[in-house]
Amino acid sequence: MERTFLMVKPDGVQRNLIGEIVARFEKKGFQLVGGKLMLITRELAEQHYGEHKERPFFGELVDFITSGPVFAMVWEGENVIATARLMMGATNPKESAPGTIRGDYAVTVGKNIIHGSDSPESAVREIGLFFKEEELVSYTKLI
Ligand code: CMP
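The model shown is predicted, which means the values in this text are computed figures rather than measured ones.

How each quantity is defined
Residues numbered from 1 in each chain as written. Predicted model: local features only at pLDDT ≥ 70, side-chain atom pairs only at ≥ 80, totals over all residues. Heavy atoms only, no water. Near = heavy atom within 4 Å. Polar contact = N/O pair within 3.5 Å; in protein donor to acceptor, adjacent residues only side chain to side chain. Areas by Shrake-Rupley, 256 points an atom, 1.4 Å probe, with all protein chains shown as cover. Core = buried A, V, L, I, M, F, W, Y, C linked by side-chain atoms within 4.5 Å. Buried < 20%, exposed > 50% of the residue type's maximum accessible area, 1.4 Å probe, protein only. Helix = DSSP H or I, 4+ residues; strand = E, 2+ residues; numbered from the N terminus. Contact = heavy atoms within 4.5 Å. Pairing = 2+ DSSP bridges. Axes fitted to C-alpha atoms, helices over the stretch in contact; angles between N-to-C directions.

Participant: So what about the site of the ligand? Which residues, and what values?
Facilitator: Around the ligand sit Lys 9, Tyr 49, His 52, Phe 57, Glu 60, Leu 61, Thr 91, Arg 102, Val 109, Gly 110, Asn 112 and His 115, and that is every residue in its neighbourhood. Lys 9 has a polar side-chain atom sitting 2.7 Å from an oxygen atom of the ligand. The separation between an oxygen atom of the ligand and a polar side-chain atom of Tyr 49 is 2.5 Å. Protein coverage of the free-state accessible area of the ligand, which is 460 Å², stands at 80%.

Here it is in structure tokens:
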């Protein structure tokens, strides 16, 4: 079954949106197979956002993602990578449609509430950065 990495960013945690965000993915029909509230080190942030290293906003991005607790999650389900991206809405909240997470809760591109893997390769890489395999559960066979 396909898996993706999703993370409620420090702005979402601070605004008490963890429950709302988790509920959206649960109601959609995906399953939470891993989750933890954590502080990201600068080292992990730089690894996670490595592809943006040359961008002018890289420093700001690392400062922000390490500024407070995040809620890191692994979700499982059919087409979960692409569907979660649709549910999150466009990266820039100026372009994200109402009804999407960013469309409903975010205003600026820096503080855009949630991160989600953009491809199967990113999902594997990001899940591996944040979780050990033994921290993930498998219960899809039970229901
Ligand atoms: P995310 O999906 O976590 O992946 C990279 C992040 O970089 C993106 O969400 C945005 O929050 C952030 N980002 C993109 N463009 C800018 C920008 N111009 N200024 C600040 N942050 C940005």
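Participant: Residues and numbers for the nonpolar core, please.
Facilitator: The biggest cluster of nonpolar side chains holds 21 residues, and the ones touching the most others in it are Leu 6, Ile 21, Phe 25, Met 73, Trp 75, Ile 113 and Ile 114. Within the residue set of this core, elements represented by two or more residues are strand E1 (3-8), helix H2 (18-28), strand E3 (70-76) and helix H5 (80-88). The element contributing the most residues to this core is H5, with 5 residues. Here Met 73 is in contact with Thr 4, Phe 5, Leu 6, Met 7, Val 8, Val 22, Leu 32, Gly 34, Gly 35 and Phe 131, once residues within four sequence places are set aside. Of all hydrophobic cores here, the second largest spans 19 residues; its members include Met 7, Ile 40, Leu 44 and Ala 72.

Participant: Residue-level account of the sheet that holds E3, with values.
Facilitator: Spatially, the 4 strands line up as an open sheet ordered E2-E3-E1-E4, and their pairing is antiparallel. Where the open sheet ends on each side, the last strands, each with one partner, are strand E2 (31-38) and strand E4 (114-116). Averaged over all pairs of adjacent strands, the angle between their axes in this sheet comes to 15°, without regard to strand direction. Pairing geometry for E1 and E4, over 3 bridges, is antiparallel. Paired with Met 7 across the bridge in E4 is His 115. Packed on one face of the sheet, H5 meets E1, E3 and E4 and runs near 30° to E1.

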